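# Chain and residue survey
One letter stands for each residue in the lines below.
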Amino acid sequence: MAVAGSGKSLLHFMKFVGQLKRVPRTGWVYRKVEKPESVSDHMYRMAVMAMLTEDKKLNKDRCIKLALVHDMAECIVGDIAPADNVSKEEKHRQEKDAMNYLSNMLPDDMKKEVYELWEEYEHQSSDEAKFVKELDQCEMILQALEYEELEKRPGRLQDFYDSTAGKFKHPEVVKLVSAIYEERQSNMASEGSSSQL
């Protein structure tokens, strides 16, 4: 935890990060999903996915930290989606400013670590960052599958699958993605056969 005397700064940091519990994921909002997940819901399951990796070549602790930090700036800038027509450069600039602001509330060593983790993910500058990026996209289509199942409307969120097609390379992620696709195909087939009755 933070050093003594910085309790107030730490409290401010925690309150900012806590806002992620109330920032809905924009993609689901735009698709009119009822009660869409928050950014922190998404980051939590990604961190669990990272924790479960069996890849000995990856630094598991670093993967978990990357999952927890990668969307942290969204507590200030919100979840900017492709449909918002904000350029990649502008999105990066806004998030970089937000991460500077947030990390400055932390003691020096933590400030450096949090900011550098975010940058590592942004620039995809390590195997861990690349793996966590795949987890980010895998978690999204897993969530899409769950929303389709909850709504009993298989196939409705196809554009999320289309946006991630061909992006999975890590064997563990590929295995999970295959299982997601298999279950989705089964849901769509059973929906198709029931509508023909």
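Residues numbered from 1 in each chain as written. Predicted model: local features only at pLDDT ≥ 70, side-chain atom pairs only at ≥ 80, totals over all residues. Heavy atoms only, no water.

### Describing the confidence of the model for the protein
Rule in force here: A score between 0 and 100, pLDDT records how confident the predictor is in each residue. The contact criterion used is simple: two residues touch if any of their non-hydrogen atoms lie within 4.5 Å.
In the predicted model, the protein carries a mean pLDDT of 94, and the fraction of residues at 70 or more is 94%. Residue range residues 1-5 is modelled with pLDDT below 50. Its contacts to residues more than four positions away, or to other chains, number 4 contacts.

### So, helix H8 (residues 127-151)
An α-helical segment advances 3.6 residues per turn. Residues three or four places apart therefore align on the same side. Note the cut-off: The secondary structure listing takes helices from DSSP runs of H or I that are at least 4 residues long and strands from runs of E that are at least 2 residues long, numbered from the N terminus. Here the expected length of a helix is defined as 1.5 Å per residue gap, with one fewer gap than residues. For every residue, the accessible area obtained with a 1.4 Å probe (protein chains only) is divided by the maximum for its type, and the residue is called buried under 20%, exposed over 50%, and partly exposed between those limits.
Between the first and last C-alpha of H8 there are 36 Å, a value that for 25 residues agrees with the 36 Å anticipated at 1.5 Å per step. Counting buried residues along H8, 18 of its 25 residues qualify, which places the element largely inside the surrounding structure. Phi turns positive one or two residues past the end of H8, at lysine 152, with a value near 55 degrees.

### Structural notes on the nonpolar core
What counts, and what does not: Only buried residues count toward a nonpolar core. Its members are Ala, Val, Leu, Ile, Met, Phe, Trp, Tyr and Cys residues joined through side-chain atoms within 4.5 Å.
In this structure, Trp28, Met99 and Val132 are the most contacted members of the largest nonpolar core, which totals 48 residues. At 11 residues, H8 tops the list of elements feeding residues into this core. Aside from chain neighbours lying at most four places away, what touches methionine 99 is Val69, Met72, Ala73, Val114, Tyr115 and Trp118.

### Here we look at unusual backbone geometry
Trans is the common state for peptide bonds, and a negative phi is the common state for residues other than glycine. With a phi close to 50 degrees, lysine 35 is a non-glycine residue in the positive phi region. Its place among the elements puts lysine 35 in the loop between helix H2 (26-30) and helix H3 (39-51). Accessibility expressed as a relative area gives 74% for lysine 35, which makes it exposed.

### Looking at the packing of H3 against H8
As a reminder of what qualifies: Only C-alpha atoms enter the line fits that serve as axes; for helices the fit covers just the stretch in contact. Angles between N-to-C directions range over 0 to 180 degrees. Small angles under 35 degrees read as roughly parallel and large ones over 145 as roughly antiparallel, with 65 to 115 read as roughly perpendicular and the rest as oblique. Left-handed describes a crossing whose near helix is turned anticlockwise from the far helix by less than a right angle; the clockwise case is right-handed.
Packing of H3 against H8 brings their axes to within 9 Å, and their N-to-C directions diverge by 120 degrees. Regarding the angle of H3 to H8, the classification is oblique. Seen from above, H3 lies across H8 with right-handed handedness. Between H3 and H8, the residues in contact are His42, Arg45, Met46, Met49 and Ala50 and Phe131, Val132, Leu135, Asp136, Cys138, Glu139, Leu142, Gln143 and Glu146, respectively.

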